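Residue-level structural notes
Chain residues, written in single-letter form:
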Amino acid sequence: KVLDALDASGFAQNTIIVMWGDHGWHLGDHGMWCKHTNYEQAAHIPLLVAAPGLKAGVKSGSLVETVDIYPTLADVCGLAIPAGLAGQSLKPFLDNPAAPKQKIAISQYPRSAGPAGPVMGYSLRDERWRLTLWRERATNAIHATELYDEANDPHETVNVASRPENAE
């Protein structure tokens, strides 16, 4: 409806629409009733882009981050992408959804670790794995490690890093 109204307005050739959504909600999974975690369910969000010259309805399986939105807008508008940005332009994926995928996406979220005090969880996600390192804020020491095989365990129920054979 939005795109149809934009077409009818005559401004479609001069307008870029970016829509991204909020993350998921844990409804008891992982023993949690909350919104913010480093699990895939909370970190995975929808991102849709409509712009002049882009083919409609095309989907890319590439990992992206919200920090990629600003450089993407600059690139799509033909502006120079400022140096030093954390994100990268998604224009290659908008032009060709089969373009080589980004290697990782990063997310982070804090939690209390009981007697260890507050920790920050840093998650790295590639096409197959999610690695989360929980670091103590005071010392930066790793308090816990989680590794999930997203291809074979998309609900992240088995922490592969906790298996004795994977201690290294």
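Structure first, text after, so check above.
First, a word on scope: everything that follows refers to the structure included in this document. Keep in mind the model is a prediction, meaning the values are calculated, not measured.

Our next topic: the overall build of the protein. Each helix and strand counted, the protein has four helices and eight strands in total. Secondary structure elements of the protein, listed N to C terminal, follow the sequence α-β-β-β-α-β-α-α-β-β-β-β. Considered along the principal axes of its C-alpha atoms, the protein spans approximately 60 × 35 × 30 Å. Out of the 168 residues belonging to the protein, those deemed buried represent 27%. Taking the intrachain contacts of the protein between residues at least 6 apart in sequence as the baseline, contacts between residues at least 24 apart amount to 37%. Only carbon and sulfur atoms are counted for the fraction: they give 58% of the accessible area of the protein, which is about 10800 Å². For the protein, the centre of its 14 positive side-chain charges and the centre of its 19 negative side-chain charges are spaced 2 Å apart.

What the four strands build is an open sheet, ordered E5-E6-E7-E8; its pairing is antiparallel. The two strands at the open ends of the sheet, each matched to only one other strand, are strand E5 (105-112) and strand E8 (142-149). Mean inter-strand twist for the sheet, computed between neighbouring axes without regard to direction, equals 15 degrees. Sheet topology places strand E6 (residues 118-125) next to strand E7 (residues 129-136); seven bridges connect them, and they run antiparallel. The residue of E7 that forms the bridge with Leu 124 is Leu 131.

The next point concerns unusual backbone geometry. For Asn 140, which is not glycine, the phi torsion reads 70 degrees and is therefore positive. Looking at where Asn 140 falls in the secondary structure, it is placed in the loop between E7 and E8. A relative accessible area of 44% places Asn 140 in the partly exposed class.

In this structure the tally under the stated criterion is zero aromatic pairs. The ring of Trp 134 has Arg 111 lying over it, and the distance from NZ or CZ to the ring centre is 3.8 Å.

We now examine the environment of Gln 108. Relative to the assigned elements, Gln 108 resides in strand E5. Spatially, the C-alpha atom of Gln 108 lies 18 Å from that of Trp 20, the residues being 88 residues apart in sequence. What Gln 108 contacts, discounting residues up to four positions off in sequence, is Asn 38, Met 120, Gly 121 and Tyr 122.

Turning our eyes to something else, we now look at the environment of Gly 84. Looking at the element boundaries, Gly 84 is found in the loop between helix H3 (69-76) and helix H4 (91-95). Using a relative accessible area of 78% as the deciding quantity, one classes Gly 84 as exposed. C-alpha separation for the pair Gly 84 and Tyr 109, spaced 25 residues apart in sequence, amounts to 23 Å.

Owing to its 3.6 residues per turn, the α-helix aligns residues three or four sequence positions apart on the same side. Among the residues of H3, Ile 69, Pro 71, Thr 72 and Ala 74 are the ones counted as buried. Immediately beyond the C-terminal end of H3, within one or two residues, lies Gly 78, with a positive phi of roughly 80 degrees.

Turning our eyes to something else, we now look at the side chain of Glu 65. Along the polypeptide, Glu 65 turns up in the loop between strand E4 (47-50) and H3. Among buried charged residues, Glu 65 stands out as having no salt bridge; its nearest opposite-charge side chain is Arg 130, 9.5 Å away. A polar atom in the side chain of Glu 65 sits 2.8 Å from the backbone nitrogen of Ile 106. With sequence-adjacent residues up to four places away left out, Glu 65 is seen in contact with Gln 102, Ile 104, Ala 105 and Ile 106.

Calculation notes
- Residues numbered from 1 in each chain as written.
- Predicted model: local features only at pLDDT ≥ 70, side-chain atom pairs only at ≥ 80, totals over all residues.
- Heavy atoms only, no water.
- Helix = DSSP H or I, 4+ residues; strand = E, 2+ residues; numbered from the N terminus.
- Buried < 20%, exposed > 50% of the residue type's maximum accessible area, 1.4 Å probe, protein only.
- Contact = heavy atoms within 4.5 Å.
- Areas by Shrake-Rupley, 256 points an atom, 1.4 Å probe, with all protein chains shown as cover.
- Lys, Arg positive; Asp, Glu negative; His and termini not counted.
- Charge placed at Lys NZ, Arg CZ, Asp CG, Glu CD.
- Pairing = 2+ DSSP bridges.
- Axes fitted to C-alpha atoms, helices over the stretch in contact; angles between N-to-C directions.
- Phe/Tyr/Trp six-rings, centres within 6.5 Å; stacked < 30°, edge-to-face > 60°.
- Lys NZ or Arg CZ within 6 Å of the ring centre and 35° of its normal.
- Salt bridge = Lys/Arg side-chain N within 4 Å of Asp/Glu carboxyl O.
- Polar contact = N/O pair within 3.5 Å; in protein donor to acceptor, adjacent residues only side chain to side chain.

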